[in-house]
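So you can see what is in the structure, the chains are spelled out below.
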Amino acid sequence: QLELVESGGGLVQPGGSLRLSCEASDFVLEPSIIGWFHQAPGKERERVLCISRSGRITGPTDSVKGRFTISGDNAKNTVYLQMNSLKPEDTGLYYCAATYENKCMNLTMAYWGKGTLVTVSA
């Protein structure tokens, strides 16, 4: 079945940047939507940004607007999350998820990666 692998997380100082990658593999049909979700320590997972195969974007959340950007490379089956001007509250696990449906929400994403950890601290 479809597999998703995140990469690019790490420790970064406030104001710094990271680019996360989500690589999809082992599929027959390409998913309709791939999205990025953030789970801060002790909090519920929330949607950050999503992108469809055609480039249609859902989001961003108000907390990351103007700082985060999602993009995709269909040829590489990869979706990216460019994270700029990082803040301590951005700390947490970042998951990519995929769906063959038309909605990018926690309950519609049937496939999930294991997550990559981002820590923003001085």
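Residues numbered from 1 in each chain as written. Predicted model: local features only at pLDDT ≥ 70, side-chain atom pairs only at ≥ 80, totals over all residues. Heavy atoms only, no water.

### Comments concerning the nonpolar core
What tends to happen in soluble globular proteins is that the nonpolar side chains get buried as a cluster.
Alright, step 1. Counting residues in hydrophobic clusters, the biggest one holds 24 residues, and the most contacted among them are W36, F68, L81, M83 and Y94.
Alright, step 2. Mapped onto this core, the elements with two or more residues apiece are strand 3 (18-25), strand 4 (33-39), strand 5 (46-52), strand 7 (68-73), strand 8 (78-83), strand 9 (92-99) and strand 11 (116-120).
Alright, step 3. If one sorts the elements of this core by residue count, strand 3 sits on top with four residues.
Alright, step 4. By size, the runner-up hydrophobic cluster in this structure holds six residues, among which are I33, A97, C104 and M109. (Core = buried A, V, L, I, M, F, W, Y, C linked by side-chain atoms within 4.5 Å. Buried < 20%, exposed > 50% of the residue type's maximum accessible area, 1.4 Å probe, protein only. Helix = DSSP H or I, 4+ residues; strand = E, 2+ residues; numbered from the N terminus.)

### With respect to the packing of aromatic side chains
Alright, step 1. Inspection of every chain in the model, using the stated rule, returns three aromatic pairs.
Alright, step 2. Where F37 meets W112, the ring centres are 4.9 Å apart and the plane angle is 55°; that geometry is what we call tilted. Here the residue F37 occupies a position in strand 4, and W112 occupies one in strand 10 (residues 111-112), the gap between them amounting to 75 residues.
Alright, step 3. The exposure class assigned to F37 is buried, which follows from its relative accessible area of 0%.
Alright, step 4. Exposure remark for W112: the relative accessible area of 26% places this residue in the partly exposed category.
Alright, step 5. Judged by centre distance (6.4 Å) and plane angle (80°), the rings of Y95 and W112 are edge-to-face. Of this pair, Y95 sits in strand 9 while W112 sits in strand 10, placing them 17 residues apart in sequence. (Phe/Tyr/Trp six-rings, centres within 6.5 Å; stacked < 30°, edge-to-face > 60°.)

### Looking at the state of the cysteines
Alright, step 1. Across all of its chains, the model carries two disulfides by this definition.
Alright, step 2. One disulfide bridge connects C22 with C96, the sulfur atoms lying 2.2 Å from each other. Judged by the sign of its S-S torsion, about 70°, the cystine formed by C22 and C96 is right-handed. Placement of the pair is C22 in strand 3 and C96 in strand 9, with a sequence separation of 74 residues.
Alright, step 3. Note on C22: relative accessible area 0%, which makes it buried.
Alright, step 4. Taking relative accessible area as the criterion, C96 reaches 0% and is therefore assigned buried.
Alright, step 5. Through a disulfide, C50 is tied to C104; the S-S separation comes to 1.8 Å. (Disulfide = S-S within 2.5 Å.)

### A short note on the pairing of strand 4
Alright, step 1. Counted residue by residue, strand 4 has six buried out of seven residues, so it is predominantly covered.
Alright, step 2. For strand 4 and strand 5, the ladder comprises six bridges, and the chain directions are antiparallel. Looking at strand 5, one finds that I33 is bridged to S52.
Alright, step 3. Counting the residues between successive antiparallel strands, the hairpin from strand 4 to strand 5 contains six residues, one of them, G42, with a positive phi of roughly 75°.
Alright, step 4. Pairing of strand 4 with strand 9, which is carried by seven bridges, proceeds in the antiparallel orientation. Bridge pairing in strand 9 links H38 to Y94. (Pairing = 2+ DSSP bridges.)

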